[in-house]
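Next come the chains, spelled out residue by residue.
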Amino acid sequence: MKLFGSGHGACPGCGLPIAVKNVLEGVGPCFVANSTGCLEIISSQYGKSAWGVPYIHSVFENAAAVAAGIEVALKALRRTDEGPIVVFAGDGATADIGIGPLSGMFDRGHNVLYVCLDNEAYQNTGNQQSGLTPSGCYTTTTPAGKIMAGKQGQKKDMVAFALAHKLPYVATASVAFPRDIKRKAKRAIEFKGPKYIQIHSPCVTGWGLNGKQAIPVARLAVETGLYPLVEYENGELVRVKKVKERKPVEEYLKQQKRFRHLFKHPKGHEVVEELQKIADGNALKFGLDI
Ligand SMILES: Cc1ncc(C[n+]2csc(CCOP(=O)(O)OP(=O)(O)O)c2C)c(N)n1
Ligand SMILES: [Mg+2]
């Protein structure tokens, strides 16, 4: 039986099944807790399931707490050899509504791999901004108009948040690099305690893409330096995906309806420059350029 089956209800081009399949292939049989969001809807509709592993969906904010409970229950039952515990949670669940339970789970040191599926907004409810929505992005709660050119403020640095909890393993990944996801998931579970992997995952409806554009656009996020792929072990940066001839952020932005206004809005130019600065800053910080 497959760990995550293909008979799910994701939109063609959705990144979530690619992320989940590759994490599970890296980790092997495990227990999964999933927060409310697109993944839960596409994989566990009443009477159907795409999961070949024990799976629980509870509510939007508490997947980290549920995973902690699974870990403690398995310990009490002396069944700790039955497989790792993995959380799959959206960016909204992770960076906003579930950030308290997440911090608690990290702080208590539960042996859990937490995977944030970062499609950069509350996509299941129709594209509202989250803490991981990037600057200048159109969402239904950050529309572009007379006053603003999409989201004001920057994407929250959840890698720094995870590192601040002194986690033994923290990484970012992208569905454009599936083998890298698998390797990172496999590596993560070699560490005891809480682990965090954040996977950039395109949403065709929210980002305004057709299915065929999804993976090339996700790849551009890495190739521009806007979404650096990094890996920390015991707080130290141990690996970075280098970028040959880094592309300008415009190339990434122009392909997506969620950023289209930036090329017409009077303040759009400033925002594009700001995003370019973020990408250049990432290149400097992580030594991305070859
Ligand atoms: C307490 C609570 N507030 C709001 C909702 C409605 N809701 C369900 S899913 C969701 C958005 C999920 O966003 P995210 O975590 O980013 O996952 P995505 O769907 O984007 O993968 C919201 C707001 C809810 N189920 N529970
Ligand atoms: Mg989301």
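Everything here concerns the structure above.
Residues numbered from 1 in each chain as written. Chains lettered and ligands numbered in written order. Predicted model: local features only at pLDDT ≥ 70, side-chain atom pairs only at ≥ 80, totals over all residues.

Student: Any chance you could explain the site of ligand 1 here in plain terms?
Tutor: Close to ligand 1 lie 16 residues, the nearest being G37, G90, G92, Q123 and N124. Among the secondary structure elements, those contributing two or more residues to the shell around ligand 1 are helix 2 (38-43) and helix 4 (91-97). Here the element with the most residues in the shell around ligand 1 is helix 4; it accounts for 3 residues. (Near = placed C-beta within 6 Å. Helix = DSSP H or I, 4+ residues; strand = E, 2+ residues; numbered from the N terminus.)

Student: When you look at the nonpolar core in this model, what are you seeing that I'm missing?
Tutor: Inside soluble globular proteins, nonpolar side chains tend to come together where they are buried. Core analysis: the largest hydrophobic core is formed by 88 residues, its most contacted members being A67, V87 and V115. Beyond its immediate stretch of four places on either side in the chain, V87 contacts A33, A63, A64, A67, V112, Y114 and V115. (Core = buried A, V, L, I, M, F, W, Y, C linked by C-beta atoms within 7 Å. Buried ≥ 20, exposed ≤ 12 C-beta atoms within 10 Å, placed from the backbone. Contact = placed C-beta atoms within 7 Å.)

Student: How should the sheet that holds strand 5 (residues 169-174) be read in this particular structure?
Tutor: Here we have 8 strands laid out as an open sheet, ordered 2-1-3-4-6-5-7-8, and mixed in their pairing. Pairing within the sheet leaves two strands with one partner each, and these edge strands are strand 2 (55-57) and strand 8 (236-240). Direction aside, neighbouring strands of the sheet carry axes that sit 20 degrees apart on average. Across 6 bridges, strand 3 (residues 85-90) lies against strand 4 (residues 112-118) in parallel orientation. Paired with I85 across the two strands is V112, which belongs to strand 4. Sitting on the sheet, helix 1 (residues 16-27) is in contact with strand 3, strand 4 and strand 6 (195-200), with an inclination near 160 degrees to strand 4. (Pairing = 2+ DSSP bridges. Axes fitted to C-alpha atoms, helices over the stretch in contact; angles between N-to-C directions.)

Student: Is there a simple way to think about unusual backbone geometry in this case?
Tutor: Note: most peptide bonds trans; most residues except glycine with negative phi. Backbone geometry at R78 places phi at a positive 55 degrees, although glycine is not the residue there. Mapped onto the secondary structure, R78 falls in the loop between helix 3 (63-76) and strand 3. At E120, a position not held by glycine, the phi torsion is positive, near 65 degrees. Assignment of secondary structure puts E120 in the loop between strand 4 and helix 6 (158-164).

Student: Mind showing me how you'd approach helix 11 (residues 268-286) here?
Tutor: Helical geometry note: an α-helix holds 3.6 residues per turn, so side chains three or four residues apart project in the same direction. Spanning 19 residues, helix 11 covers 27 Å between terminal C-alpha atoms, matching the ideal 27 Å at 1.5 Å per step. For helix 11, the complete set of buried residues consists of V271, V272, L275, A279 and N282. Within helix 11, the buried residues cover an arc of 105 degrees as seen down the axis, which keeps them to one side. In helix 11, the exposed positions that point more than 90 degrees away from the buried face belong to H269, E273, K277, G281 and L284. On its buried side, helix 11 packs onto helix 10 (249-253). After helix 11 finishes, the residue G287 shows a positive phi value of roughly 60 degrees. (Expected span 1.5 Å × (residues − 1). Arc of directions from axis to C-beta.)

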